[in-house]
Amino acid sequence: MIKINKKIDLNKVPAHVAFIMDGNGRWANKRGLHRHFGHRIGYTRVLMAVKRCADIGIKVVSVYAFSTENWNRPKEEVDEIFRIIRENMHKDLDEFQMNGIKVVASGDITKFPKDLYEKLTEIIEKTKNNTRCTLNLCINYGGRDDIVYAANRLNGKKVTEAEFGKLLYNSDLPDLDLVVRTSGEQRVSNFMLWQMAYAEFLFIKPHWPGISEKLVDKCIVDFQKRKRRFGKV
Ligand code: FPP
């Protein structure tokens, strides 16, 4: 039996929740471990978080897995992040299937090493008919890049906001309701700038590898206490 925090109103869950997964390096350093180890544990937390969100009834979960700026990290760290995805994502395919999780990617994944790109596209293809929850991997993703990608597809045409939104990466996903950033930093860091127009924000202290089911639940409880006005009174 799955035990969900009783304070969560299951009839009012956010449609789209995002996690800015910050603090893998600090989590590891605090324990005298190499920061790469923080990424390894951080990776495992993604599956936990999406499964928990699916159990709560959240239909879309976005995670900021690799930003357009992350290429500027030391090559060995970039290689390690790719290695983690390469070694583990395929193993997680069964979990995605069993839990009805559809995987999609936002960002130009063609820029990744060929085998990684092929692995990701295979997972996307194999999970495409799952309907319980969508995991949107923001990978080689930047909010500005997303907007420029859409603008470049306009071909000079005049459009409305709604029409413009349809040109973004994964435009069929709803706007963000809640953005959770771990590690206590209060920054947006070029994440889903268009989609977060009316999102609520939670900046929580634990580093990403320290996220738990209990904490995910608490985020939803806190979100449900917010009064959203969407610019109205
Ligand atoms: C931030 O910690 C985290 C990242 C840059 C993301 C790391 C990527 C993963 C865990 C892989 C997830 C991938 C998929 C496909 C699910 P940080 O390094 O900025 O930590 P710090 O601020 O403490 O240095």
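To be clear, the structure that these remarks concern was listed above.
Definitions and limits used
Residues numbered from 1 in each chain as written. Predicted model: local features only at pLDDT ≥ 70, side-chain atom pairs only at ≥ 80, totals over all residues. Heavy atoms only, no water. Buried < 20%, exposed > 50% of the residue type's maximum accessible area, 1.4 Å probe, protein only. Helix = DSSP H or I, 4+ residues; strand = E, 2+ residues; numbered from the N terminus. Pairing = 2+ DSSP bridges. Near = heavy atom within 4 Å. Polar contact = N/O pair within 3.5 Å; in protein donor to acceptor, adjacent residues only side chain to side chain. Areas by Shrake-Rupley, 256 points an atom, 1.4 Å probe, with all protein chains shown as cover. Axes fitted to C-alpha atoms, helices over the stretch in contact; angles between N-to-C directions. Parallel < 35°, antiparallel > 145°, perpendicular 65-115°, else oblique. Left-handed = near helix turned anticlockwise from the far one by under 90°. Contact = heavy atoms within 4.5 Å. Expected span 1.5 Å × (residues − 1).

(A) Structural context of the pairing of strand S6 (residues 200-203). Side chains Glu200 and Leu202 of S6 all project onto a buried face; the interleaved residues Phe201 and Phe203 project onto a face where none is buried. When strand S5 (residues 178-181) meets S6, the two strands line up parallel, connected through four bridges. For Leu178, the partnering residue across the bridge sits in S6 and is Glu200.

(B) Geometry of the site of the ligand. Residues in close proximity to the ligand total 17 residues, the closest being Met21, Gly25, Arg26, Arg35 and Arg73. Arg73 has a polar side-chain atom sitting 2.7 Å from an oxygen atom of the ligand. Protein contacts shield 92% of the accessible area of the ligand, which totals 630 Å² for the unbound molecule. When residues of the shell around the ligand are traced back to their parent elements, those giving at least two are helix H1 (24-30), helix H2 (35-56) and helix H3 (75-88). Examining the composition of the shell around the ligand, we find that five residues originate from one element, H2, more than from any other.

(C) Examining the packing of H2 against H3 more closely. For the pair H2 and H3, interaxial distance at closest approach is 10 Å and the crossing angle is 30°. With respect to H3, the element H2 is oriented roughly parallel. Crossing of H2 against H3: the hand is right-handed. Of the residues in H3, those touching H2 at Arg35, His36, His39, Arg40 and Tyr43 are Glu76, Glu77, Glu80, Ile81, Arg83, Ile84, Glu87 and Asn88.

(D) Region of interest: H2. Its 22 residues place the ends of H2 31 Å apart at the C-alpha level, agreeing with the 32 Å of an ideal helix rising 1.5 Å per residue. After H2 finishes, the residue Gly57 shows a positive phi value of roughly 110°.

(E) Just helix H8 (residues 213-225), in detail. In a regular helix each residue adds 1.5 Å, so 13 residues correspond to 18 Å; H8 covers 19 Å between its end C-alpha atoms and thus fits that length. Among the residues making up H8, those that are buried are Val216, Asp217, Cys219, Ile220, Val221 and Phe223. Where H8 is buried, its residues touch strand S1 (16-20), H2, S5 and S6.

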